[in-house]
Amino acid sequence: MKSGYLAAVATVALLCGGGTASADPKDRLHYLTIADVDPGLILPKPFASGSEGEKAELVELHRVVASASPARLAQAKWDDENEDPAIFDGVLGIKLEAMPATWALLKEVQEEGEAAADVSKTYFNRARPWSTDPTLPNCDAGKKANPRRSYPSGHSTLSYSVGYVLAHLAPEKADIILSRAADYAMSREICGVHYPSDTEASHVLATIIGVKLVGSPVFVAKMAAARGELRTAHLTN
């Protein structure tokens, strides 16, 4: 298991930057270590290709896509094209990017999640649903997206990890923040680009990231400055 994990780390480095040291996931983690996000220890294997589990998930995805309203499909496409902490601006009624300390902190959370998700995607090497079933409508059509990066979902890792930290920064708004995180993750299924188990794995991974971050003294110190900005914006007491 461990040798496969280390091979995944090496592969991510090659894919992301031609083998340069800066592309190594361990160099992209600000607070966590590679051991903290070892996919072989924290995530179950996804359903095997051609398995009954995979078939059932494809049936569910077809149902989800077909039953989505035009407005929800449009939201899913918007979510597909927007991948940063600003996905929470709408529910909070503020522009997070206008808050320097808060934005910098949440971008660090995003980068932490991206590094962890990249290792897991390479480690599990799961085919995306539209790659397995070309009849499935999807938001990746025509984009030449990598068909082997389904598990876990990077977008969902972003929403759940940033959402976790943001909820701790503004606990009075935790309900709408966490609901938005889940809705953003659901967009990946409505877009036909991820299986339900992909987004579920992202929730697990992102929660581990969030728990580790709010337990870091350095990170907690930065949270104080972010809370001050949010307090000024009347989002927290």
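For the structure itself, look to the data block above.
Residues numbered from 1 in each chain as written. Predicted model: local features only at pLDDT ≥ 70, side-chain atom pairs only at ≥ 80, totals over all residues. Heavy atoms only, no water.

J.: Would you take a moment to explain the side chain of Thr157 for this structure?
T.: Residue position: Thr157 is located in helix H9 (residues 154-169). Under the relative-accessibility criterion, Thr157 is labelled buried at 0%. Among the polar contacts made by the side chain of Thr157, one reaches the side chain of Ser202 at a distance of 3.5 Å. In this structure, Thr157 is in contact with Gly113, Ala117, Ser202, Leu205, Ala206 and Ile209, ignoring residues within four places of it in sequence. (Helix = DSSP H or I, 4+ residues; strand = E, 2+ residues; numbered from the N terminus. Buried < 20%, exposed > 50% of the residue type's maximum accessible area, 1.4 Å probe, protein only. Polar contact = N/O pair within 3.5 Å; in protein donor to acceptor, adjacent residues only side chain to side chain. Contact = heavy atoms within 4.5 Å.)

J.: Is there a simple way to explain the side chain of Glu57 in this structure?
T.: By secondary structure assignment, the location of Glu57 is in helix H4 (residues 52-67). Once you skip the residues sitting within four places of it in the chain, Glu57 turns out to touch Phe47, Arg126, Tyr195, Pro196 and Ser197.

J.: Can you walk me through helix H11 (residues 196-214) in this structure?
T.: Owing to its 3.6 residues per turn, the α-helix aligns residues three or four sequence positions apart on the same side. Counted at 1.5 Å a residue, the expected span for H11 with its 19 residues is 27 Å, and the 27 Å between its end C-alpha atoms agrees. Buried residues of H11: Ser197, Asp198, Thr199, Ala201, Ser202, Leu205, Ala206, Ile209, Gly210 and Leu213, and no others. Residues of H11 that are buried sit in contact with helix H3 (39-42), H4, helix H7 (100-124), H9, helix H10 (174-190) and helix H12 (217-232). (Expected span 1.5 Å × (residues − 1).)

J.: What should I look at first to understand the state of the cysteines in this one?
T.: For the structure shown, the criterion picks out one disulfide. One disulfide in the model links Cys139 with Cys191; its S-S distance is 2.0 Å. Judged by the torsion about the S-S bond (-70°), the Cys139/Cys191 disulfide is left-handed. With a gap of 52 residues between them, Cys139 in the loop between helix H8 (129-132) and H9 and Cys191 in the loop between H10 and H11 connect regions that are remote in the sequence. Each member of the pair, Cys139 together with Cys191, is buried. (Disulfide = S-S within 2.5 Å.)

J.: Before we go on, may I ask you to explain the environment of Arg227 in this structure?
T.: Of note, Arg227 is situated in helix H12. Classification of Arg227 as partly exposed rests on a relative accessible area of 27%. Put simply, Arg227 and Leu169 are 58 residues apart on the chain and 5.7 Å apart in space, counted from C-alpha to C-alpha. Excluding its chain neighbours within four sequence positions, the residues that come into contact with Arg227 are His168, Leu169 and Thr236.

J.: What am I meant to see in the packing of aromatic side chains here?
T.: Both the distance between ring centres and the angle between the ring planes are used here to describe each pair of aromatic rings. Summed over all chains, the structure comprises three aromatic pairs. Between the aromatic rings of Tyr31 and Phe219, the centroid separation amounts to 5.2 Å while the plane-to-plane angle is 85°, which identifies the pairing as edge-to-face. Linking Tyr31 in the loop between helix H2 (25-28) and H3 with Phe219 in helix H12, this pair joins segments that are 188 residues apart in sequence. For the pair shown, Tyr31 and Phe219 are each scored as buried. Ring geometry for Phe124 against Tyr151: centres 4.9 Å apart, planes inclined by 90°, an arrangement best described as edge-to-face. Note that Phe124 is positioned in helix H7 and Tyr151 in the loop between H8 and H9, a separation of 27 residues in sequence. A connected cluster of aromatic rings, assembled from ring pairs, spans Tyr123, Phe124 and Tyr151. (Phe/Tyr/Trp six-rings, centres within 6.5 Å; stacked < 30°, edge-to-face > 60°.)

Everything listed here is a matter of geometry and, on its own, says nothing about what the molecule does.
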